[in-house]
Amino acid sequence: MNYGFIGFGNLGRALYLSLKDDKNLSFAYVSKNNKRKDIRSMKNIPALVSFSDVVWLCVKPSDLPEVLAELRKTELNGKTIVSPVAGIDLAFIRKNLGKGPELIRIMPNLAIAYKKSVTAFCADKKNSVKAKIIRRVLLRSGRVIDLPEKHFDLFTAVFGSGPAFLLEIMRVFGNMIKELGIAEKDVNLLLADLMAGTLVHFRKNQNKKTIADLIGGIASKGGTTEAGLAYFKKKNLDELLAGVITAARDRSKKLNTKA
Ligand SMILES: NC(=O)c1ccc[n+]([C@@H]2O[C@H](COP(=O)([O-])OP(=O)(O)OC[C@H]3O[C@@H](n4cnc5c(N)ncnc54)[C@H](OP(=O)(O)O)[C@@H]3O)[C@@H](O)[C@H]2O)c1
């Protein structure tokens with residue numbers, strides 16, 4: 001089966017890295033500048049479509065209308081179009097591409113490159129053979145959650161943008177430990193280990209204990225963790241983080257109306 005990527009930036013490459021070991025798949029891409037040399041590039045969108053059984057739309061939401069206008073001019077009957085584009089629903093893509101292709105919307109995150117994505121999945125023809133194949137392929141890249149489209153905006157905020165929000169916390173921690181005098185190249189390594197260790201603990205215990213219980217297991221009465229947690233409470237961390245997720249979710253909603 002031939003997979004073609006329109007756009008080969010952060011997500012296009014991450015998708016390719018997660019799928020490239022499958023011997024039954026061949027890959028090509030087309031992008032604005034076609035500068036990447038790791039896979040075959042096509043000279044334009046019509047050439048990519050004629051190569052591809054499945055076309056992955058890996059462009060920014062603002063570039064999608066232009067790409068759909070190009071795609072519309074090609075023969076799309078029998079093709080499958082998969083869109084990870086944030087905030088753009090299947091109805092918009094259908095309106096632009098007509099009845100020909102099967103459409104699938106997904107929302108992965110960058111961890112797909114390491115087969116650790118949590119990916120939302122919604123096909124316009126849920127029980128079609130092609131939708132089942134794509135779903136199975138994505139399962140090799142992490143977890144796949146079947147999700148009604150109306151929930152994609154919230155899912156995108158937590159699982160698509162989520163890695164950036166968690167890294168933002170790591171960035172602040174990194175700044176705070178500058179005064180320890182640890183070489184800058186080692187700071188990120190230490191922070192990565194902090195995340196990894198926390199993750200192992202969380203993964204091992206998540207089905208037996210609540211997150212509040214796990215936090216309780218670190219905080220002792222009158223101790224350092226308790227002092228930090230009290231500060232979170234005083235500054236209303238719940239409200240702050242809820243605001244972050246709501247802002248991301250609302251942007252996702254707005255992208256569809258702007259497209
Ligand atoms: N990054 C993530 O973690 C993530 C997670 C989930 C979903 N997504 C979604 O994935 C999509 C891509 O995001 P990204 O982070 O990969 O963006 P990106 O790194 O900026 O890559 C965008 C790609 O689109 C190409 N492009 C722009 N205009 C084009 C056109 N007219 N024809 C063909 N190619 C064109 C660019 O070409 P050049 O390389 O030649 O400039 C580039 O390869 C977005 O819609 C985003 O919502 C991203």
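Note that the coordinates shown come from a computational prediction; the quantities given were computed from them, not determined experimentally. Along each chain, residue indices are assigned from 1 in the same order as the chain's sequence is written. Totals for whole chains, interfaces and linings use all residues, but because this is a predicted model, local features are given only for residues with pLDDT of at least 70 and pairs of side-chain atoms are given and counted only at 80 or more. The side-chain quantities take in all heavy atoms of the structure and omit both hydrogens and water.

1. Considering the domain arrangement of the protein chain
One can read the domain layout of the protein chain as domain 1 (2-152) and domain 2 (160-256). Note: domain ranges come from an automatic or database domain assignment. The C-alpha centroid of domain 2 is placed 32 Å from the C-alpha centroid of domain 1. Contact residues are listed per partner, giving 10 residues for domain 1 and six residues for domain 2. By definition, a salt bridge exists where a carboxyl oxygen of Asp or Glu is found within 4 Å of a side-chain nitrogen of Lys or Arg. Viewed at the interface, domain 2 and domain 1 are joined by zero salt bridges. Whenever two N or O atoms come within 3.5 Å, that pair is a polar contact, provided that in protein one can donate a hydrogen and the other can accept it, and provided that, for residues adjacent in sequence, both atoms are side-chain atoms. At the junction of domain 1 and domain 2, the tally comes to zero residue pairs in polar contact (both at pLDDT 80 or more). In what follows, residue pairs with any heavy atoms lying within 4.5 Å of each other are defined as contacts.

2. Topic: the UniProt feature "binding site: NADP(+)" (unreviewed entry) in the protein chain
UniProt positions are given in the numbering used here, feature names are shortened, and annotations may be inferred rather than shown by experiment. Look at the UniProt record and you will see "binding site: NADP(+)" (unreviewed entry) annotated at I6, G7, F8, G9, N10 and L11. From this annotated list, the subset lining the second largest pocket comprises I6, G7, F8, G9, N10 and L11. For F8, the position within the fold is in the loop between β1 (2-6) and α1 (10-19). Accessibility expressed as a relative area gives 7% for F8, which makes it buried. Not counting the four nearest positions on each side in its chain, F8 is found in contact with R13, Y16, Y29, S31, R36, D38 and I39. Each helix corresponds to a stretch of at least 4 residues labelled H or I by DSSP, and each strand to a stretch of at least 2 residues labelled E; elements are numbered beginning at the N terminus. Residue placement: L11 occurs in helix α1. With sequence-adjacent residues up to four places away left out, L11 is seen in contact with P84, P108, N109 and L110. Grid spacing is 1 Å over the protein atoms alone, the probe is 1.4 Å, and a cavity is where that probe fits but cannot get out, while a pocket is an open set with protein on both sides within 12 Å along at least five of seven lines and lining residues have an atom within 4 Å of a point. Each residue's exposure class comes from its accessible area (1.4 Å probe, protein chains only) as a fraction of the maximum for that residue type: buried when under 20%, exposed when over 50%, partly exposed otherwise.

3. With respect to the packing of helix α7 (residues 162-176) against helix α8 (residues 184-205)
How two helices sit against one another is set out by the angle between their axes and by the gap between those axes. Between N-to-C directions, angles span 0 to 180 degrees; the directions come from axes that are lines fitted to C-alpha atoms, helices contributing only their stretch in contact. Two elements in contact, α7 and α8, have axes separated by 10 Å at closest approach and are oriented at 130°. Our classification of the angle between α7 and α8 gives oblique. Between α7 and α8 the crossing geometry is right-handed. Judged by residue contacts, L166, L167, M170, F173 and G174 of α7 engage V187, L191, L194 and M195 from α8. Geometric relationships in this document are graded by angle, where less than 35 degrees denotes roughly parallel, more than 145 denotes roughly antiparallel, 65 to 115 denotes roughly perpendicular, and other angles denote oblique. Note on convention: the crossing is left-handed when the near helix lies turned anticlockwise from the far helix by less than a right angle, right-handed when the turn is clockwise.

4. Side note on the sheet that holds β1
Two strands pair if DSSP finds at least two bridges between them. Read across the sheet, eight strands follow the order β3-β2-β1-β4-β5-β6-β7-β8 without closing on themselves; strand pairing throughout is mixed. For this open sheet the edge positions go to β3 (40-41) and β8 (142-146), each flanked by a neighbour on one side alone. Relative to strand β7 (residues 117-123), strand β6 (residues 102-107) runs antiparallel, the two being bridged by four bridges. Paired with I104 across the strands is A123, a residue of β7. Set on the sheet, helix α3 (residues 64-72) makes contact with β1 and β4 (54-57); between it and β4 the angle comes to about 160°.

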